[in-house]
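# Structural description and commentary
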Amino acid sequence: MLIGVTADSGVDKAGPSATATMTVTSAQTVLTTPGAVEAPASPASSSKPLAFGATWKVENTDPAKPFEGSLTVLDYKQGFTSVGKASEEAGEPGYVWAYADLKLCGTKGSYTDNTTSWTLYYGDGGRIKPSSSTYSDFPKPEFPFEVTVTAGKCARGKLAFAVPGTEHPESVLYQPDGLDEPREWIVPKA
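An account of the accompanying structure is given in this report. (Residues numbered from 1 in each chain as written. Predicted model: local features only at pLDDT ≥ 70, side-chain atom pairs only at ≥ 80, totals over all residues. Heavy atoms only, no water.)

## Observations regarding the packing of aromatic side chains
Evaluation of the coordinates by the stated rule reveals 10 aromatic pairs. Here the aromatic rings of W97 and F138 are separated by 4.9 Å at their centres, their planes lie at 65°, and the arrangement is edge-to-face. Here F138 lies in the loop between β7 (127–128) and β8 (146–150) and W97 lies in strand β5 (residues 95–114), a separation of 41 residues in the sequence. The exposure classification of W97 matches that of F138, with both residues buried. Aromatic side chains W118 and W185 sit 6.0 Å apart centroid to centroid with 40° between the ring planes, which places their arrangement in the tilted category. One end of the pair, W118, is in strand β6 (residues 118–121); the other, W185, is in strand β11 (residues 183–186), with 67 residues separating them in the sequence. Across this residue pair, the class does not change: W118 and W185 are buried. Aromatic ring contacts, followed pair by pair, group F80, W97, Y99, Y135 and F138 into a single cluster. (Phe/Tyr/Trp six-rings, centres within 6.5 Å; stacked < 30°, edge-to-face > 60°. Helix = DSSP H or I, 4+ residues; strand = E, 2+ residues; numbered from the N terminus. Buried < 20%, exposed > 50% of the residue type's maximum accessible area, 1.4 Å probe, protein only.)

## Regarding the sheet that holds β7
Read across the open sheet, the 4 strands follow the order β7-β6-β10-β11; overall the sheet is antiparallel. Only two strands of the sheet have a single partner each, and these edge strands are β7 and β11. (Pairing = 2+ DSSP bridges.)

## Some words on the pattern of salt bridges
As a working rule, side chains carrying opposite charge can pair if their charged atoms are close by. Within the structure shown, the criterion is met by 3 salt bridges. Between D75 and K77 there is a salt bridge; the shortest N-O distance is 3.7 Å. D101 serves as the salt-bridge partner of R156, at 2.7 Å between the closest nitrogen and oxygen. Highlighted residues: R156 in strand β9 (residues 154–164) and D101 in strand β5, separated in sequence by 55 residues. (Salt bridge = Lys/Arg side-chain N within 4 Å of Asp/Glu carboxyl O.)

## Quick notes on the state of the cysteines
All chains considered together, the criterion is met by 1 disulfide. Between the sulfur atoms of C105 and its disulfide mate C154 the distance is 2.0 Å. Its S-S torsion of about 110° marks the bond between C105 and C154 as right-handed, since a negative value means left-handed. Here C154 lies in strand β9 and C105 lies in strand β5, a separation of 49 residues in the sequence. (Disulfide = S-S within 2.5 Å.)

## Observations concerning the nonpolar core
What tends to happen in soluble globular proteins is that the nonpolar side chains get buried as a cluster. Of all hydrophobic cores here, the largest spans 29 residues; its most connected members are W118 and W185. Take this core: its biggest share by element is 5 residues, from β5. Core analysis: the next-biggest nonpolar cluster, separate from the first, contains 7 residues, F80, Y99, F138 and A160 among them. (Core = buried A, V, L, I, M, F, W, Y, C linked by side-chain atoms within 4.5 Å.)

And the structure:
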């Protein structure tokens, strides 16, 4: 199946941004990218959630910009402390810091992505975007705001979120622009 995926920084702040278009291999969803060869659609069904550590193979078959790689969520931790207060960032009392440990690797070509592709999903339908802050005492290494991976190289790090302290997310979602259905990694029960 061919899925057109566009990763765009989508940030209102001035700064460097990059856009990459890629095709992702999936057994569940079909999107056509302008100029791409259309693949036959499979029966409509949802992508199955992945467990932490399970990789999702990413592949772009566009001969002008081939890319193959993998993406995974390795861990989720809630309740670390920092000089910055999660409640101040969220604008609500009772928020704490949490992070997802992420890994993006390339095996062929290059791909650029950024942190805006990631969210935490809660059972009530709520979604929380990554923190816009970076404090010196956040867990290291931090996942880069924007990163390009090439063949044989990876980007791994912790992406911080300000989350409600009394709730636990159900999953970590990856959904760059152009991907209709997010990839999902289930957060183990606390």
